[in-house]
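Read off the chains here:
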Amino acid sequence: MIEIRDLKKSFGEKVVINSVSAVMEPGKANLIIGASGSGKTVLMKCLVGLFEPDGGEVLYDGKNFTAMEDDERKELRQQIGMLFQGSALFDSQTVAQNVKFPLDMFTRMTYSEKMKRVNEVLERVNLKDANKKFPAEISGGMKKRVGIARAIVLNPKYLFCDEPNSGLDPQTSLVIDKLIYEVTKEFNMTTIVNTHDMNSVMEIGDHIIYMHQGEKEWEGSNKQIIYSKSKKLNDFIFASEFLQDVKEMRMLEAEGRGPDGKK
Amino acid sequence: MNFFNHFGRYILMIKGMFTRPENWRMYWKELMHQCSDIGIGSLGIVMIVALFIGAVSTLQTAYQLVSNLIPKSTIAQIVRDTVILEFAPTITCIVLAGVVGSKIASELGNMRVSEQIDALEIMGINTKAYLVMPKILASLIMIPLLVIIAGVLGIWGGRLAGTLSGILSPEEFDGGLLSGFLPFNVAFALYKSYTFAFIISSIPAYFGYFVQGGALEIGKASTTAVVTSCIMILFADYVLAALLL
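Conventions we followed
Counting restarts for each chain, with residues numbered from 1 along the sequence as it is written. Chains carry letters and ligands carry numbers; both start at the beginning, A for chains and 1 for ligands, and go up in the order they are written. Under the rules for a predicted model, residues below a pLDDT of 70 receive no local features and side-chain atom pairs below 80 are neither given nor counted, while totals for whole chains, interfaces and linings still include all residues. Labels follow the DSSP assignment, with helices taken as runs of H or I lasting at least four residues and strands as runs of E lasting at least two, numbered in each case from the N terminus. Partly exposed residues are those whose C-beta has more than 12 but fewer than 20 other C-beta atoms within 10 Å; with 20 or more the residue is buried, with 12 or fewer it is exposed, and the C-beta atoms are placed from the backbone. Each residue gets a C-beta atom placed from its backbone, and two residues are in contact if those atoms lie within 7 Å. Values of the radius of gyration come from C-alpha atoms, whereas the globule rule sets the reference at 2.2 Å times the count of residues to the power 0.38. Fitting a line to C-alpha atoms yields each axis, with helices limited to the stretch in contact; the angle taken between N-to-C directions then spans 0 to 180 degrees. Oblique is the label for any angle not under 35 degrees, not over 145, and not in the 65 to 115 range, which are roughly parallel, roughly antiparallel and roughly perpendicular in turn. Left-handed describes a crossing in which the near helix is turned anticlockwise from the far one by less than a right angle; the clockwise case is right-handed. By the convention adopted, Pro, Cys, Tyr, Trp, Phe, Met, Ile, Leu, Val and Ala count as nonpolar, Lys, Arg, Asp and Glu as charged, and the other residues, Gly among them, as polar. Domain delimitation in this document rests on an assignment produced automatically or drawn from a domain database. Following DSSP output, two strands are said to pair if at least two bridges run between them.

Undergrad: When you look at the overall build of chain B in this model, what are you seeing that I'm missing?
TA: Scanning chain B from N- to C-terminus turns up 8 helices and 0 strands. Taken from the N to the C terminus, the helices and strands of chain B come in the order α-α-α-α-α-α-α-α. Expressed along its principal axes, the backbone C-alpha trace of chain B runs to roughly 70 × 40 × 30 Å. Taken over 245 residues, chain B has a buried fraction of 40%. Sequence-distant contacts, at least 24 apart, represent 88% of the contacts inside chain B between residues at least 6 apart.

Undergrad: For this particular structure, what's the right way to read the overall build of chain A?
TA: In terms of helices and strands, chain A carries 9 helices and 10 strands. Computed over the C-alpha atoms, the radius of gyration of chain A is 19 Å, within 12% of the 18 Å expected from 2.2 N^0.38 for a compact globule of 263 residues. Structurally, chain A occupies a C-alpha span of about 65 × 40 × 30 Å along its principal axes. Residues counted as buried form 39% of the 263 residues belonging to chain A. A fraction of 65% describes how many contacts in chain A between residues 6 or more apart in sequence connect residues 24 or more apart.

Undergrad: Explain the packing of helix H3 (residues 95–106) of chain A against helix H4 (residues 111–124) of chain A here, please?
TA: If you want to describe how two helices pack, look at the angle between their axes and the distance between the axes. Residue and element names in this part refer to chain A. Two numbers describe how H3 lies on H4: the axes approach to 9 Å, and their chain directions differ by 120 degrees. Taken as axis vectors, H3 and H4 run oblique relative to one another. The crossing of H3 and H4 is right-handed. On the side of H3, the interface is formed by Ala96, Val99, Lys100 and Leu103, while H4 contributes Lys114, Arg117, Val118, Val121 and Leu122. Split by residue class, the contact of H3 with H4 holds 6 nonpolar, no polar and 3 charged.

Undergrad: Sorry if this is basic, but what is going on with the domain arrangement of chain A here?
TA: All names here are of chain A. Along its sequence, chain A is organised into domain 1 (1–79 + 157–222), domain 2 (93–155) and domain 3 (223–263). Each of domain 1 and domain 3 has a C-alpha centre, and the two are 25 Å apart. Taken residue by residue, the interface counts 11 residues in domain 1 and 10 residues in domain 3. Looking at the side of domain 1 that touches domain 3, the elements with two or more residues in it are helix H7 (198–204), strand E9 (207–212) and strand E10 (215–220). When the residues that make up the side of domain 1 that touches domain 3 are grouped by side-chain class, the tally is 6 nonpolar, 4 polar and 1 charged.

Undergrad: Please clarify how the sheet that holds strand E5 (residues 63–64) of chain A should be interpreted in this entry.
TA: Sheet strands line up and pair through hydrogen bonds in the backbone, either parallel or antiparallel. Residues and elements named next belong to chain A. Strand order across the open sheet formed by 4 strands is E2-E1-E4-E5, with antiparallel pairing between neighbours. The open sheet is flanked by strand E2 (14–24) and E5, the only strands paired with a single partner. Here strand E4 (residues 55–60) pairs with E5 via 2 bridges, running antiparallel. Looking at the pairing, Leu59 lines up with Asn64 of E5.

Undergrad: Please explain the environment of A:Thr66 as it appears in this structure.
TA: All names here are of chain A. On the secondary structure map, Thr66 appears in the loop between E5 and helix H2 (70–77). Along the chain, Thr66 and Val118 lie 52 residues apart, while their C-alpha atoms are 32 Å from each other. Filtering out sequence-adjacent residues up to four positions away, Thr66 remains in contact with Pro53, Glu57 and Val58.

Pasting the structure below:
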């Protein structure tokens, strides 16, 4: 479980995160959504320690991450996996070497044990035949899957995904969403996904935090989001007429009515 | 103000490299990889530059020594001392600032921009220690070796050019080489090469590591790194000559 308490972050005069508090539970896909510039990426970077918050606390299973010494942080970070927006694969290494890297660095496994584990996770993300390819030789969707494989190879307790669907076609986006959701449930990880993809919100949003201008504007699940009265949230989520229609359809479905409004 | 800001961050980067490695074997592997990249990767250009500089030194020294009162073996003495004292360490390192420096800056800059450095940080790896330290150590190991090779090849190039152009015989050249030789000059060349090796690796590493933006900024960082390294090499060259000679 990850708990955020009254987190604040500014860059100069600009307040980017303003007193955000939330609890992210294990076994759930926790989504941080919001428009570009709403502070969701900064919030995620504060959670993983890439930015130091100006105030507040981040607790990993009750342990205060913000107050930890470097050595303690290093230890905790071995339980964190992260999928980056651009996948952040090491260009000079093959797919298998990328996935094996955390095992090389942090375990004393033999070469055959490592390769067994690498093949297991690559199989889990449906990428068994890409072992020897370099990142430049595979598609965007495959890179994301390699990124997920590298993130989960050490069996982390916490998984962070920064814009996992950016630059992907809708079908591949669904595959990635499904994969993130499945590994979250399978390994009971505390997963935090930073996205503005509405498919992800509706499909895997067990717990959603909507950020607006650095503040937490709304919190709930994908079931609750269609009933939200927050104008800012509705303007963001159901921005187009098509999405408004989808919202109405979902509401009717939930009430047991057909598209014509009749029961 | 900008200079102090850069200098402060540079010192903090150097200080940040000194932590216990997460895994010695991986650091060793990275060091060997960098030694191969920096040493073997630059060997060709260093050999070509050294050979031609030595050859040109012989021809130009002979052109300036027109008096019959000066023995021809003096040409070899002048070539030997200029190659050992200046050409082998300084010219080689200026060439290496372009070859190695731009490679280090663009490699780290690309890793920064594509979030590979963030990925390593999140894994709990000290990226200054894992990415910067091996590059500096590899430079400190390989660049003095390249300078020695450049010195030997420079003198040999000078001998070859002198013989082929008929300016002086190989025996005359060898006689000049051995006359009045000061072993301290070789030590001085090595002091220089260690200093320049640190400059060539640490300054581009700094500019690459802290790059912000995209491809354009990586290019700018690479150029700034090479220009700054070259200026610092020339400055250090003067300081070392003033202090040690």
